[in-house]
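Overview (structure and organization)
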Amino acid sequence: MPNLYIHFESIEDRRAFLLEILEIPEILPRNNSPKARQEAARRQKQLDAYIARLEAGKTSSPYYNLHKRIHGARIPRNMDTDGLEPWNELAVYAKGFRQIYAQNSYRKRPGKWLVVQFRDNYTGWRRYEWLLRRVPDDKLGASTPAPLLVSLRRKLEQARHILGTAGGGRLKAAELNLALGLLQSVKTRNPRLFRGDNLYLWEELAFAYLEHNNLQKAEHCLREMAGLMPGSSEPYINLGAFFISAGMINRAIKAYKEGLAVNPKDERLYFNLASLYAGIGAYSKADAMMNKAILSNPDRGINYMFRADLAMERGHYEAAVQNYRHALGLLTGEPWQEIRKSCYMQMAVALMRLERYEECAEAASELLAINPDFRDAYVLLARCCRELGNHDLAKWYAKKAEQLYRRLRDHVNS
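Residues numbered from 1 in each chain as written. Predicted model: local features only at pLDDT ≥ 70, side-chain atom pairs only at ≥ 80, totals over all residues. Heavy atoms only, no water.

Counted by the stated rule, this structure contains 13 aromatic pairs. Aromatic pair Phe207 and Phe242: ring centres 5.0 Å apart, planes at 85°, arrangement edge-to-face. Of the two residues, Phe207 sits in helix H8 (residues 201-211) while Phe242 sits in helix H10 (residues 234-245), which places them 35 residues apart along the sequence. On the basis of relative accessibility, which here comes to 36%, the residue Phe207 falls in the partly exposed class. Under the relative-accessibility criterion, Phe242 is labelled buried at 2%. Cation over ring: Arg53 sits above Tyr50, and NZ or CZ is 5.5 Å from the ring centre. The cationic tip of Arg119 hangs over the ring face of Tyr93; the distance from NZ or CZ to the ring centre is 4.0 Å. (Phe/Tyr/Trp six-rings, centres within 6.5 Å; stacked < 30°, edge-to-face > 60°. Helix = DSSP H or I, 4+ residues; strand = E, 2+ residues; numbered from the N terminus. Buried < 20%, exposed > 50% of the residue type's maximum accessible area, 1.4 Å probe, protein only. Lys NZ or Arg CZ within 6 Å of the ring centre and 35° of its normal.)

Spelled out as structure tokens, the structure:
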């Protein structure tokens with residue numbers, strides 16, 4: 001007889017069915033004596049070992065190719081199997097089974113499969129007919145539908161493939177709509193699949209729609225993404241940027257505020273809002289945003305840097321210097337080295353504008369202590385030394401800056 005391939009969703013379901021077809025009852029002590037409990041424990045341990053071997057794979061199963069390992073095609077009529085455990089190979093063979101084993105895939109359909117083959121005799125046929133009545137058709141062999149999880153993952157991969165085929169070009173609207181339908185289908189059935197890279201498929205699709213000037217669907221994608229990221233304001237940052245690109249400043253402000261309602265500690269949103277307010281001349285609102293950011297995260301140096309940047313945009317150099325100094329006092333350690341470079345450079349520029357040349361030179365020197373090849377720092381030092389009357393040193397710094405810029409040009413042109 002042919003193999004029967006039976007699909008199960010879990011190892012536990014497969015194991016329960018195996019115990020049923022092998023007619024293995026629950027192992028319980030005969031009584032409450034220590035000896036009876038020990039005997040029951042011994043039998044359970046033996047059964048567990050048999051099942052573990054079966055679940056380890058096809059050739060590991062104790063019931064794989066039983067017909068080859070048990071001599072003769074039939075059990076002799078006088079063979080007594082009553083004293084054998086119901087999971088014993090000979091007892092299983094006597095019940096009409098030719099082989100039983102487990103596997104995790106069948107015809108590219110993953111699952112917890114049980115493969116059963118019966119002997120070509122009366123006992124085997126009777127059990128074969130019983131099993132066909134016992135197991136639904138959609139759990140047997142190739143007729144088993146692909147598990148929902150597999151189907152949904154395929155949809156995600158199809159959407160990923162669509163979004164990845166642009167190759168620097170622009171996808172067609174029909175392709176974007178197909179990708180959107182796939183993502184929405186997955187979200188409806190199993191939103192938990194949107195983790196890690198899968199989550200950012202929504203973002204990719206949003207940017208693709210934006211290239212088609214379809215702001216409505218771009219916004220829809222980002223809001224779908226936001227619904228899958230509770231507590232995260234990340235999608236609202238892009239949403240605000242989309243509105244800004246379309247000249248919709250009020251809607252951008254509203255989007256950023258939505259993000260802050262989700263995450264009141266997001267410094268980027270405060271800074272973006274402050275920049276928008278500053279851009280339309282609402283400086284008091286801009287200052288209020290940065291003050292709120294600092295109140296929400298008083299020990300976050302990045303907030304002071306943002307406030308300093310806003311002050312620089314408005315030409316408030318004294319305020320910028322104070323905030324850059326405060327930021328540098330908080331942004332310590334290796335992870336902040338790049339940010340510290342920016343703070344020192346901007347602070348040096350602000351000090352130059354204030355004609356505080358000695359302090360400017362100190363800031364530029366601190367920058368060079370982090371990066372000795374920072375070209376613009378040498379330019380500032382050259383000017384500071386010239387203003388302070390040290391012309392020889394000014395020439396040396398100017399020459400050093402020129403060498404570094406020449407090296408950069410040669411590298412670009414090579």
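Having seen it, we continue.
Right, let's get into the nonpolar core. In terms of nonpolar packing, the biggest core is built from 94 residues, with Leu183, Phe194, Trp202, Leu205, Tyr324 and Met347 touching the most fellow members. One finds Ile21, Trp87, Leu114 and Leu131 within the second-largest nonpolar core, a separate group that totals 30 residues. (Core = buried A, V, L, I, M, F, W, Y, C linked by side-chain atoms within 4.5 Å.)

Now for the packing of H8 against H10. In the contact formed by H8 and H10, the axes pass within 12 Å of each other and the chain directions differ by 5°. The orientation of H8 with respect to H10, classified from their angle, is roughly parallel. Along its contact with H8, which presents Glu203, Ala206, Phe207 and Leu210, the element H10 presents Glu234, Asn238, Phe242 and Ser245. Within the contact of H8 with H10, the residues separate by chemical class into four nonpolar, two polar and two charged. (Axes fitted to C-alpha atoms, helices over the stretch in contact; angles between N-to-C directions. Parallel < 35°, antiparallel > 145°, perpendicular 65-115°, else oblique. Contact = heavy atoms within 4.5 Å. Nonpolar A, V, L, I, M, F, W, Y, C, P; charged D, E, K, R; others polar.)

When two helices pack together, their arrangement is given by the angle between their axes and by how far apart the axes lie. Where helix H16 (residues 337-353) meets helix H17 (residues 357-370), the axes come as close as 8 Å, and the angle between the chain directions of the two elements is 160°. It follows that H16 is roughly antiparallel to H17 by the angle criterion. Judged by the twist between their axes, the crossing of H16 over H17 is left-handed. Each of Gln337, Arg340, Lys341, Tyr344, Met345, Met347, Ala348, Leu351 and Met352 in H16 lies in contact with H17, whose residues at this interface are Tyr357, Glu359, Cys360, Ala363, Ala364, Glu366, Leu367 and Ile370. (Left-handed = near helix turned anticlockwise from the far one by under 90°.)

Attention shifts here to the pattern of salt bridges. Within the structure shown, the criterion is met by 19 salt bridges. Between Arg43 and Glu85 there is a salt bridge; the shortest N-O distance is 2.7 Å. Taken as a pair, Arg43 in helix H2 (residues 34-55) and Glu85 in the loop between helix H3 (66-69) and helix H4 (89-94) lie far apart in primary sequence, 42 residues in all. Arg43 sits in the partly exposed class, given a relative accessible area of 23%. On the accessibility criterion, Glu85 (17% relative accessible area) is buried. Arg406 is paired through a salt bridge with Glu402; the nearest N and O atoms lie 3.1 Å apart. Of this pair, Arg406 and Glu402 both sit in helix H19 (residues 391-413), separated by four residues, roughly a single helical turn. For Arg406, a relative accessible area of 37% corresponds to the partly exposed category. (Salt bridge = Lys/Arg side-chain N within 4 Å of Asp/Glu carboxyl O.)

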